[in-house]
Amino acid sequence: MLVSAYNVAHQSATRAPETLQLTLEVSRGDTLMGMLTDAGVTMSEAHAAIESLREVFSPRDLRPGFEIRLSLESPGGGKAKAADGQGFNPIADGMRDAFRLVGLSFAPDVDRDVKVERSKDDDGFVASTTEKVLAPVDAGAIGLIDSSLYEAAMKADVPTNILLEAIKTLSYDVDFQRDIQPGDSFEVLYQNMVDEQGRPLKAGGLDYVELITGGRDIKLYRFTPSSGFADFFDDKGRSVRKTLMRTPIDGARISSTYGMRRHPILGYSKMHKGVDFAAPTGTPIYAAGNGTVEVAGRVNGYGNYIRLRHGGPYKTAYAHMSRFARGVHVGSRVHQGDVIGYVGMTGRATGPHLHYEVLVDNHQVNPASVKLPAGETLTGRDLKAFAEAKRAIDRRRSAIAPVLQVAATPDDKSKSADSDE
Ligand SMILES: [Zn+2]
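Residues numbered from 1 in each chain as written. Predicted model: local features only at pLDDT ≥ 70, side-chain atom pairs only at ≥ 80, totals over all residues. Heavy atoms only, no water.

Attention now moves to the coordination of the zinc ion. The coordination sphere of the zinc ion, as far as protein atoms go, consists of His 272 (NE2), Asp 276 (OD) and His 355 (ND1), spread over 2.0 to 2.2 Å. A relative accessible area of 4% means that His 272 is categorised as buried. Classification of His 355 as buried rests on a relative accessible area of 7%. (Donors = N, O, S within 2.8 Å, 3.2 Å for Na, K, Ca; no water. Buried < 20%, exposed > 50% of the residue type's maximum accessible area, 1.4 Å probe, protein only.)

This is the structure in C-alpha cells:
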C-alpha cells in the first residue's frame, strides 16, 4: 500500500535525475520483491538490494504494518516531467521500470533502523543496521478515579503495558469489580526508554503502584530478592502474590457469582459453587497457584475440566474449557500463572465462560471471599535490601512528583464529587 510519495526536487530541470521518496506499508501477503518491482524498480536491482538486506535482516520477517521508505531516482527525460509535484504515484501512473533504486530503509523495532544503500563505488548495495541508544527516564502518573482505574490511567497517559502490569499486581489485593469507587486515587512509577532527542520510544517496567481505595492505602514496590525473581512487595516486605489467584483469567467479566441462583439451563434454584468469568472462546486460563494436576478430562456438566491440588487443604477447578494446554495431564506440575487451558463452552454452558472453583478440604468455597494464605515475606538480608530499594523508589517518586501534581489537579467535575462526601 502506498502511504506517501513526493518529489524531492520540485523545481529541477527537465533532464536532470530526480529523487523520489516513497513510503510503502507492508500489507498481508506482500513480499519485498513484489513491493519493489511494483514501485518501478527492475527485478535485477530489487534482487540485488534484497540479497544485501539479507546480511542484516531476513526479508521473511517483514510484518504487515511495517513502513518501508524507498528512495528512487528517475532517469530524467520525458517521464520525469510527469513526476513533478505532490501526490505523484509512480505505480498508478504506470511508470514501471522507470526508476533506479537509491536505497531503502525501515525500522523493524522502535530502537533499530535497517538501511540498504548503494555502495560507494556504485556496483551494488550495502545493508546496515543502526541501534538507537535508549536511556531510561522516570515517568509516572497520579490520578483520581472517576469510574474505573483503566479509564483514569488512560486519561493520565499511562502506557497500556504498564497499566496491565499494575492491574495484575493489584489484583491479588483488590477486587476491581467490587472495590473501586469514584474518588479513589492511584499512582504509578515506571521508566520510559527515550532516544537521544528525549522522545519516549517504549515503556520499561512498572516499579511502583499505589491505590487508595475504601480507606486502604495499598503501596507496592518492585524488588528482586536473593532468589533472583523480581516481584512486588508491600511496604512491610510481604509479597503481593497469594498462594492462589482469585481471578485466574485476564480481562474477563464476572457473569455469575458464587451462591444460590436460578440455573440458566435447568430452570430451578441451585447452589452455584464457583464464579463464572465470561470471556471469548480461546482466552487463556491460568493455574491459580503452584500445584499438581489431579483431574484433566471430560466431567459431565463441567465439560473439559481440570482440577489442581495446591499446598495444604487447597484445590482449584476450571470447567467448560474448549481445550487443555499442551503438556497438561494428570500428574503434571504447574506454576502459578501457567496457561493450563482455554475458555470454551463444553458441558452444560449457555455461552463461552470459565467456571472457577476454589476448594478447601474438598468443599467448594467462595473464591471472592475465602481467606487465602499470603505468599513470601522478606526476612534478614533481603528485608534490609528491600528497605534500601524502597527508599530509592520513594526518592524517585518525590523527584517527579511536582510534575505529576499538575497533571493530577482535579477538574471541576471531580471537585464537585469530592464536596459531596
Ligand atoms: Zn459456573
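Moving on: the sheet that holds strand β20 (residues 323-324). Ordered by their spatial adjacency, three strands build an open sheet running β16-β22-β20, and the pairing between neighbours is antiparallel. With one partner strand each, in any of the chains shown, β16 (284-286) and β20 form the two edges of the open sheet. Two elements, β16 and strand β22 (residues 339-342), share three bridges in a ladder whose sense is antiparallel. Within β22, the position partnered with Pro 284 by the bridge is Tyr 342. (Pairing = 2+ DSSP bridges. Helix = DSSP H or I, 4+ residues; strand = E, 2+ residues; numbered from the N terminus.)

This paragraph deals with the side chain of Thr 213. Along the chain, Thr 213 turns up in strand β9 (residues 200-213). Polar contacts involving the side chain of Thr 213 include one to the main-chain carbonyl oxygen of Asp 179, which spans 3.3 Å. A polar contact of 2.7 Å, which involves the side chain of Thr 213, links it to the side chain of Asp 184. Not counting chain neighbours up to four residues away, the residues in contact with Thr 213 comprise Asp 179, Ile 180, Asp 184 and Ile 218. (Polar contact = N/O pair within 3.5 Å; in protein donor to acceptor, adjacent residues only side chain to side chain. Contact = heavy atoms within 4.5 Å.)

On inspection of all chains with the given rule, the structure shows 23 salt bridges. We note a salt bridge from Lys 155 to Asp 146, for which the minimum N-O separation is 3.2 Å. By relative accessible area, which is 60% here, Lys 155 ends up exposed. Overall, Asp 146 belongs to the partly exposed group, its relative accessible area being 29%. Salt-bridge contacts for Glu 388 lead to Arg 391; the nearest nitrogen and oxygen are separated by 2.9 Å. Of this pair, Glu 388 and Arg 391 both sit in helix α6 (residues 380-408), separated by three residues, roughly a single helical turn. (Salt bridge = Lys/Arg side-chain N within 4 Å of Asp/Glu carboxyl O.)

A word on the layout of surface pockets. The space that makes up the largest pocket amounts to roughly 650 Å³. Along its surface, the largest pocket is lined by 24 residues, and Ile 167, Ser 171, Phe 176, Thr 247 and Ile 249 are the ones closest to its centre. Elements with a minimum of two residues in the lining of the largest pocket: α5 (160-170) and β15 (275-278). Counting residues per element, the lining of the largest pocket draws most heavily on α5, which supplies four residues. Considered class by class, the residues forming the lining of the largest pocket number 15 nonpolar, four polar and five charged. Two domains each put at least three residues into the lining of the largest pocket: domain 2 (135-242 + 379-419) and domain 3 (253-365). (1 Å grid on protein atoms, 1.4 Å probe; cavity = no way out; pocket = protein on both sides within 12 Å on 5 of 7 lines; lining within 4 Å. Points joined across faces, edges and corners; volume = space filled by probe spheres on them. Nonpolar A, V, L, I, M, F, W, Y, C, P; charged D, E, K, R; others polar. Domains from an automatic or database assignment.)

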